[in-house]
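A structural walkthrough
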Amino acid sequence: MTDLQTVDEQTFTEVVLRSAKPVLVDFWAEWCPPCHQIAPVLAQIGAERNDQLTVVKINADENPAIAASYRVMALPTLALFHHGELIWSVVGARPKAKLLKELDDALLAAV
């Protein structure tokens, strides 16, 4: 299993907002136990859906301007971007199957 690509305030626009594919962003922090619980699930999704989705993580504590601009108030927050727009977000860890269903629904609605 590969680690997720990390983005920060310098790379967010290029990697997330200008991506040709949808991007799932994991807003996380070192002190957040649910963030560590969901990380392996997100890595699996990133590997399994690599052809249709990019999954990245951003440390909300180290990148407060990005977190604030998307009103991230609790962690983990997962945010799905498509064509530079935030199209879906959810707070809290989820089982993989539920998360995949929610992602698929959001992506279908965006088409």
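Calculation rules
- Residues numbered from 1 in each chain as written.
- Predicted model: local features only at pLDDT ≥ 70, side-chain atom pairs only at ≥ 80, totals over all residues.
- Heavy atoms only, no water.
- Axes fitted to C-alpha atoms, helices over the stretch in contact; angles between N-to-C directions.
- Helix = DSSP H or I, 4+ residues; strand = E, 2+ residues; numbered from the N terminus.
- Parallel < 35°, antiparallel > 145°, perpendicular 65-115°, else oblique.
- Left-handed = near helix turned anticlockwise from the far one by under 90°.
- Contact = heavy atoms within 4.5 Å.
- Nonpolar A, V, L, I, M, F, W, Y, C, P; charged D, E, K, R; others polar.
- UniProt positions renumbered as here; feature names shortened; annotations may be inferred.
- Pairing = 2+ DSSP bridges.
- Phe/Tyr/Trp six-rings, centres within 6.5 Å; stacked < 30°, edge-to-face > 60°.
- Buried < 20%, exposed > 50% of the residue type's maximum accessible area, 1.4 Å probe, protein only.

All right, on to the packing of helix 2 (residues 33-48) against helix 4 (residues 96-110) then. Look at helix 2 against helix 4: their axes get within 11 Å of each other, and the N-to-C directions meet at 50°. As the angle between them shows, helix 2 and helix 4 are arranged oblique. In this structure, the crossing between helix 2 and helix 4 has a hand that is right-handed. Note on element contacts: helix 4 touches helix 2 through Lys-96, Leu-99, Leu-100 and Leu-103, opposite Ile-38, Val-41, Leu-42, Gln-44, Ile-45 and Glu-48. Among the residues making up the contact of helix 2 with helix 4, the classes are represented as seven nonpolar, one polar and two charged.

With that settled, the discussion passes to the UniProt feature "active site" (unreviewed entry) in the protein. When the UniProt feature table is mapped to this numbering, "active site" (unreviewed entry) covers Cys-32 and Cys-35. Considering the arrangement of structural elements, one finds Cys-32 in the loop between strand 2 (23-28) and helix 2. Sequence-distant contacts of Cys-32, defined by excluding residues within four places in its chain, comprise Leu-75 and Pro-76. Among the secondary structure elements, Cys-35 is positioned in helix 2. When near neighbours in sequence (up to four residues on either side) are disregarded, Cys-35 contacts Phe-27, Trp-28, Ala-29, Leu-75 and Pro-76.

Attention now goes to the environment of Ile-66. Structurally, the position occupied by Ile-66 is in helix 3 (residues 64-69). For the pair Ile-66 and Phe-12, spaced 54 residues apart in sequence, the C-alpha to C-alpha distance is 8.2 Å. Those residues in contact with Ile-66 that sit more than four places away from it in its chain are Glu-9, Phe-12, Phe-27 and Ile-58.

Pairing in this open sheet of five strands is mixed, and the strands run 1-3-2-4-5 from one edge to the other. On the outer flanks of this sheet lie strand 1 (5-6) and strand 5 (85-91), each paired with one strand and no other. Note that strand 2 and strand 3 (residues 54-59) share six bridges and pair parallel. Residue pairing across strands places Phe-27 opposite Ile-58, the latter belonging to strand 3. Packed on one face of the sheet, helix 2 meets strand 2, strand 3 and strand 4 (77-82) and runs near 165° to strand 2. With respect to the sheet, helix 4 is in contact with strand 2, strand 4 and strand 5, its orientation differing from that of strand 5 by roughly 160°.

Counted under the stated rule, the structure contains three aromatic pairs. Ring centres 5.7 Å apart and planes at 85° place the aromatic pair Phe-12 and Phe-81 in the edge-to-face group. Taken together, the residues Phe-12 in helix 1 (residues 12-17) and Phe-81 in strand 4 connect sequence positions 69 residues apart. With relative accessibility at 2%, the residue Phe-12 sits in the buried group. Judged by its relative accessible area of 0%, Phe-81 falls in the buried class.

Let us now look at the environment of Val-56. Inspection of the secondary structure assignment puts Val-56 in strand 3. Overall, Val-56 belongs to the buried group, its relative accessible area being 0%. As a C-alpha pair, Val-56 and Gln-5 span 51 residues in sequence and 4.9 Å in three-dimensional space. What Val-56 contacts, discounting residues up to four positions off in sequence, is Gln-5, Val-7, Val-15, Val-16, Val-23, Leu-24, Val-25 and Asp-26.

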